[in-house]
Structure formats: structure tokens, C-alpha cells
Amino acid sequence: MHRTKVRIVEDALDANNTIAHANRDDFDRAGVAVVNLMSAPGAGKTTLLERTLAQLQGTRVGVLEGDVQGSYDSDRLAAMHVPVTQLNTDPGFGGECHLDANMVRTALPALPLDELDLLVIENVGNLVCPAEFRVGEDARAMVCSVTEGEDKPLKYPLMFRTCDVVVINKLDLLPHIDFDLDKLLYNIAAVNPGVQTMLASARNGGGVSQFSDWLASVAGRVGALA
Ligand SMILES: Nc1nc2c(ncn2[C@@H]2O[C@H](COP(=O)(O)OP(=O)(O)O)[C@@H](O)[C@H]2O)c(=O)[nH]1
Ligand SMILES: [Mg+2]
């Protein structure tokens with residue numbers, strides 16, 4: 001039988017990486033650090049950002065808000081008086097479940113990059129595709145909430161493996177659910193040994209300052225190189 005190997009996925013990712021580098025160059029020129037924030041839908045990205053933005057004094061932050069539809073999250077974050085740009089993946093991009101480098105590139109003209117130290121990109125809620133597409137970020141963070149189960153690092157290893165920090169959120173719910181935090185930490189370490197983990201409750205503010213400090217440190221690191 002004649003077999004032909006089709007490399008569509010690899011080629012698509014190569015093309016994505018080329019555009020991600022172009023984004024990276026633009027971010028570098030503006031001296032802005034970029035964090036790609038990812039999670040399953042509802043893990044608490046926007047709530048964590050609301051809390052964090054209130055604490056990030058001295059760092060000029062902007063948000064690029066990725067959603068399939070609507071501006072629910074960007075409306076919430078605009079109330080924090082930071083520049084927020086909405087990027088919808090439907091219908092123009094066919095309702096994609098992630099942001100890719102080209103989508104981010106289309107949003108760049110709408111972002112006041114020269115006025116920012118840090119751009120946080122809230123990706124579309126999904127534990128698979130967002131991890132596959134670099135968008136030109138300096139660092140990746142993910143939120144994993146305790147209601148998702150301890151097995152998620154084992155089922156979605158790429159997401160956990162490619163992140164620099166994992167924020168374990170909704171700690172306030174621990175007394176009410178059957179969840180083994182040590183098991184989750186063990187599973188995270190199994191797929192990404194040594195990755196930084198943070199325990200938080202975006203609802204009551206616990207542990208949020210650790211994430212704010214991490215964001216400020218990413219901004220400081222990149223700012224020092226600019
Ligand atoms: N109990 C609890 N609920 C939370 C926490 N963080 C977020 N939520 C709730 O979880 C839901 C989804 O949060 P959201 O920030 O929109 O998640 P996103 O889809 O990742 O941006 C909302 O109802 C939030 O109020 C938390 O730390 N504890
Ligand atoms: Mg959100």
C-alpha cells in the first residue's frame with residue numbers, strides 16, 4: 001500500500017511560530033512583558049485578574065481578552081480602569097477554542113503597547129489547544145481549580161508542562177468537596193517537575209498577592225532587558 005505522511009499540523013504550528021516571533025519583536029520594541037493566561041472554562045482566570053489588577057500598583061497593565069463570543073469578561077476588567085481589548089474567535093475565526101499568534105497580531109494595533117509594562121492575554125477557556133499555540137508571550141500561567149479533579153495534569157499534560165506557574169484556585173471550596181490537594185500537586189510535579197505552584201482563592205483574595213508578585217516579576221525582568 002502506498003502511504004503518504006501529511007504534515008499539516010506541523011506546518012500550521014511552524015507558521016504560527018513565525019507570527020509569534022513577529023509579535024515578540026513588537027512586544028520587545030515596546031518594552032512590554034506578555035503573559036499568556038490559560039485554563040479550563042470557569043477555573044477563575046477573570047476573577048483572579050480582577051483581584052490581581054487591584055494589587056498591581058506601579059505596573060502598567062493591559063489585558064487582551066480572548067473569548068469565543070461576547071465581552072462579558074472584558075466588561076468586568078474594564079471596570080478595573082485598565083486598557084482592555086476584546087478578541088473574539090467567533091465568527092471571524094470560526095469560533096476557535098484558542099488564540100493563535102495571528103489572532104493576537106490582528107489585535108496589536110488596538111493595544112496601547114507603548115503605555116504598558118505588562119500585557120496579560122486571557123486565553124479562551126480550554127485545556128488543550130491554547131497550549132499548542134505560542135502567541136509571542138514571555139511566560140505562561142495557568143489556573144487549575146480544585147473542582148476540576150486531581151487527574152487533569154495527567155489528562156492534559158501539555159498545558160501543565162508548558163506553563164511557568166500553576167495557580168490552584170478555589171481553595172475556599174476545599175471543605176465542601178472530595179478533593180485531594182496533595183494528589184493534584186503530585187500529578188502536576190509528575191508532568192512538570194519543579195514548576196512553581198501557588199494556592200489561591202480568587203473569591204476571598206487568599207494567595208492572590210503571590211500571583212501579583214509573580215506578574216510584577218515577569219514585567220520587571222522584561223523591563224530590565226528593554
Ligand atoms: N468559590 C470560588 N469561586 C470562584 C473562585 N474564583 C472564581 N470563582 C467563580 O467561578 C466562576 C468562573 O470564574 P471566572 O473568573 O469567570 O473563570 P474564567 O472562565 O476562568 O475566567 C465564577 O462564578 C466565579 O465567581 C474562587 O476562588 N472560589
Ligand atoms: Mg474569563
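Above this text you will find the structure in question.
The structure reproduced in this document is the subject of the present report. Fair warning: this is a prediction, and the values are worked out from it, not measured in the lab.

Looking at the coordination of the magnesium ion (ligand 2)
Part 1 of the reasoning: Bound to the magnesium ion (ligand 2) on the protein side are Thr46 (OG1), Asp73 (OD) and Glu122 (OE), at distances that span 2.0 to 2.1 Å.
Part 2 of the reasoning: Mapped onto the sequence, the donors of the magnesium ion (ligand 2) take the spacing T-x26-D-x48-E. Of this pair, threonine 46 sits in helix H2 (residues 45–55) while glutamate 122 is found in strand S4 (residues 118–122), placing the two residues 76 residues apart along the sequence. For the pair threonine 46 and glutamate 122, one class covers both residues: buried.

Brief notes about the site of ligand 1
Part 1 of the reasoning: Of all residues adjacent to ligand 1, which total 18 residues, the nearest are Gly42, Lys45, Thr46, Thr47 and Asp172.
Part 2 of the reasoning: Between arginine 76 and ligand 1, the recorded distance is 3.1 Å, taken from a side-chain N or O atom to an oxygen atom.
Part 3 of the reasoning: Arginine 203 places a polar main-chain atom, nitrogen or oxygen, 3.0 Å from an oxygen atom of ligand 1.
Part 4 of the reasoning: Compared with its free state, where it exposes 580 Å², ligand 1 has 77% of that area covered by protein.
Part 5 of the reasoning: Looking at the shell around ligand 1 element by element, the count peaks at three residues for H2.
Part 6 of the reasoning: Taken together, the residues of the shell around ligand 1 sort by class into four nonpolar, seven polar and seven charged.

Considerations on H2
Part 1 of the reasoning: Buried residues of H2: Lys45, Thr46, Leu48, Leu49, Thr52 and Leu53, and no others. Each buried residue of H2 sits inside an arc of 150° when the element is viewed along its axis, so together they form one side.

Focus on the layout of surface pockets
Part 1 of the reasoning: Space inside the largest pocket adds up to approximately 170 Å³.
Part 2 of the reasoning: Lining of the largest pocket is provided by 17 residues; of these, Gly42, Lys45, Thr46, Asp73 and Glu122 occupy positions nearest its centre.
Part 3 of the reasoning: Counting residues per element, the ones that place at least two in the lining of the largest pocket are H2, strand S2 (61–67) and helix H3 (72–78).
Part 4 of the reasoning: The greatest single-element share of the lining of the largest pocket, amounting to three residues, is contributed by H2.
Part 5 of the reasoning: Taken together, the residues that form the lining of the largest pocket break down as four nonpolar, eight polar and five charged.

Regarding the environment of lysine 152
Part 1 of the reasoning: Locating lysine 152 in the fold gives a position in helix H5 (residues 152–155).
Part 2 of the reasoning: Considered as a pair, lysine 152 and aspartate 75 are 77 residues apart in the sequence and their alpha carbons are 30 Å apart.
Part 3 of the reasoning: Residue contacts for lysine 152: discarding those within four places in its chain leaves Leu127 and Phe160.

Here's the deal with the environment of glycine 62
Part 1 of the reasoning: Counting through the fold element by element, glycine 62 comes out in strand S2.
Part 2 of the reasoning: For the pair glycine 62 and methionine 103, spaced 41 residues apart in sequence, the C-alpha to C-alpha distance is 17 Å.
Part 3 of the reasoning: When sequence neighbours within four positions are dropped, the list of residues in contact with glycine 62 reads Pro83, Leu116, Leu118, Leu119 and Val120.

Re the sheet that holds strand S1 (residues 33–39)
Part 1 of the reasoning: Ordered in space as S3-S2-S4-S1-S5-S6-S7, the seven strands form an open sheet in which the pairing is parallel. Strands at the two margins of the open sheet, each flanked by one partner only, are strand S3 (84–88) and strand S7 (196–199). Neighbouring strand axes in the sheet, compared pairwise and without regard to direction, differ in orientation by 20° on average.
Part 2 of the reasoning: The pairing of S1 with S4 spans five bridges and is parallel. Bridged to alanine 33 within S4 is leucine 118.
Part 3 of the reasoning: Packed onto the sheet, helix H7 (residues 181–191) meets strand S5 (139–145), strand S6 (165–169) and S7 and runs at close to 165° relative to S6.

What about the pattern of salt bridges?
If charged atoms from side chains of opposite charge come close, those side chains can pair.
Part 1 of the reasoning: Taken as a whole and judged by the stated rule, the model has 12 salt bridges.
Part 2 of the reasoning: A salt bridge links aspartate 28 to arginine 24; the shortest N-O distance between them is 2.9 Å. Taken as a pair, aspartate 28 and arginine 24 lie in helix H1 (residues 8–30) at a separation of four residues, close to a single helical turn.
Part 3 of the reasoning: The shortest N-O distance in the salt bridge between aspartate 26 and arginine 105 comes to 3.1 Å.

Reading the values: rules and limits
Residues numbered from 1 in each chain as written. Chains lettered and ligands numbered in written order. Predicted model: local features only at pLDDT ≥ 70, side-chain atom pairs only at ≥ 80, totals over all residues. Heavy atoms only, no water. Donors = N, O, S within 2.8 Å, 3.2 Å for Na, K, Ca; no water. Helix = DSSP H or I, 4+ residues; strand = E, 2+ residues; numbered from the N terminus. Buried < 20%, exposed > 50% of the residue type's maximum accessible area, 1.4 Å probe, protein only. Near = heavy atom within 4 Å. Polar contact = N/O pair within 3.5 Å; in protein donor to acceptor, adjacent residues only side chain to side chain. Areas by Shrake-Rupley, 256 points an atom, 1.4 Å probe, with all protein chains shown as cover. Nonpolar A, V, L, I, M, F, W, Y, C, P; charged D, E, K, R; others polar. Arc of directions from axis to C-beta. 1 Å grid on protein atoms, 1.4 Å probe; cavity = no way out; pocket = protein on both sides within 12 Å on 5 of 7 lines; lining within 4 Å. Points joined across faces, edges and corners; volume = space filled by probe spheres on them. Contact = heavy atoms within 4.5 Å. Pairing = 2+ DSSP bridges. Axes fitted to C-alpha atoms, helices over the stretch in contact; angles between N-to-C directions. Salt bridge = Lys/Arg side-chain N within 4 Å of Asp/Glu carboxyl O.

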